[in-house]
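# Observations on the model geometry
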Amino acid sequence: MPAEVGVFYRGNPLFNTSVPRFEMDRRVIAAFPEKDILISGYCEKEEKLSEKPAMIWIKKGKGELILYAFNPQFRASTQATYKLLFNALSPITVE
């Protein structure tokens, strides 16, 4: 997957992260760039998106959760973002 990819963002929630606690692990997988965020179309309040996490992986115990600030399966998204969704659908192993 390329280091940078365009996503369709439509006012979904933005995330703020902090240092994980209580036996949790957290990683920012993707973030909006600092500047030149808009590729095409219209963007209002672009500065609020600057360097915010776009995709976060969280783990606690045996559970894992992936949060998206964009819709990776949206029909107007680039095909590259589908990979982010399909990679999140990994097989679950039960012990």
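Each remark here, short or long, concerns the structure printed above.
Anyway, here's the lowdown on the structure attached to this text. Worth saying up front: this structure is predicted, and the values here are computed from it rather than measured. (Residues numbered from 1 in each chain as written. Predicted model: local features only at pLDDT ≥ 70, side-chain atom pairs only at ≥ 80, totals over all residues. Heavy atoms only, no water.)

## Some points on the environment of K48
Tracing the sequence through the fold places K48 in the loop between β1 (24–31) and β2 (53–60). You can call K48 partly exposed: its relative accessible area is 49%. Sequence separation between K48 and E34 is 14 residues, and the spatial gap between their C-alpha atoms is 10.0 Å. (Helix = DSSP H or I, 4+ residues; strand = E, 2+ residues; numbered from the N terminus. Buried < 20%, exposed > 50% of the residue type's maximum accessible area, 1.4 Å probe, protein only.)

## Focus on the sheet that holds strand β3 (residues 63–68)
The strand order across the open sheet formed by 3 strands is β1-β2-β3, and the pairing between neighbours is antiparallel. Looking along the sheet, the strands with just one partner apiece sit at the ends: β1 and β3. Adjacent strand axes in the sheet meet at a mean angle of 15 degrees when their direction is disregarded. Pairing analysis gives 7 bridges linking β1 to β2, with the strands arranged antiparallel. If you follow D25 over to β2, its bridge partner there is K59. (Pairing = 2+ DSSP bridges. Axes fitted to C-alpha atoms, helices over the stretch in contact; angles between N-to-C directions.)

## Regarding the pattern of salt bridges
Taken as a whole and judged by the stated rule, the model has 1 salt bridge. The partner of D25 in a salt bridge is R27, with the nearest N and O atoms 3.2 Å apart. What makes D25 partly exposed here is its relative accessible area of 27%. The class of R27 is partly exposed, set by a relative accessible area of 48%. (Salt bridge = Lys/Arg side-chain N within 4 Å of Asp/Glu carboxyl O.)

## Here's the deal with the environment of E23
Mapped onto the elements of the fold, E23 is located in the segment before β1. On the basis of relative accessibility, which here comes to 77%, the residue E23 falls in the exposed class. For the pair formed by E23 and G61, sequence separation is 38 residues and the distance between their alpha carbons is 7.3 Å. Setting aside anything within four residues of it in sequence, one finds E23 in contact with K59, K60 and G61. (Contact = heavy atoms within 4.5 Å.)

## Details of the packing of aromatic side chains
Applying the stated criterion to the full structure yields 1 aromatic pair. Geometrically, the ring pair formed by Y68 and F70 is edge-to-face, given 5.7 Å between the ring centres and 80 degrees between the ring planes. With relative accessibility at 2%, the residue F70 sits in the buried group. (Phe/Tyr/Trp six-rings, centres within 6.5 Å; stacked < 30°, edge-to-face > 60°.)

## Some remarks on the environment of F22
Turning to its location among the elements, F22 is positioned in the segment before β1. Overall, F22 belongs to the exposed group, its relative accessible area being 60%. Separated by 38 residues in sequence, F22 and K60 have C-alpha atoms that sit 8.3 Å apart.

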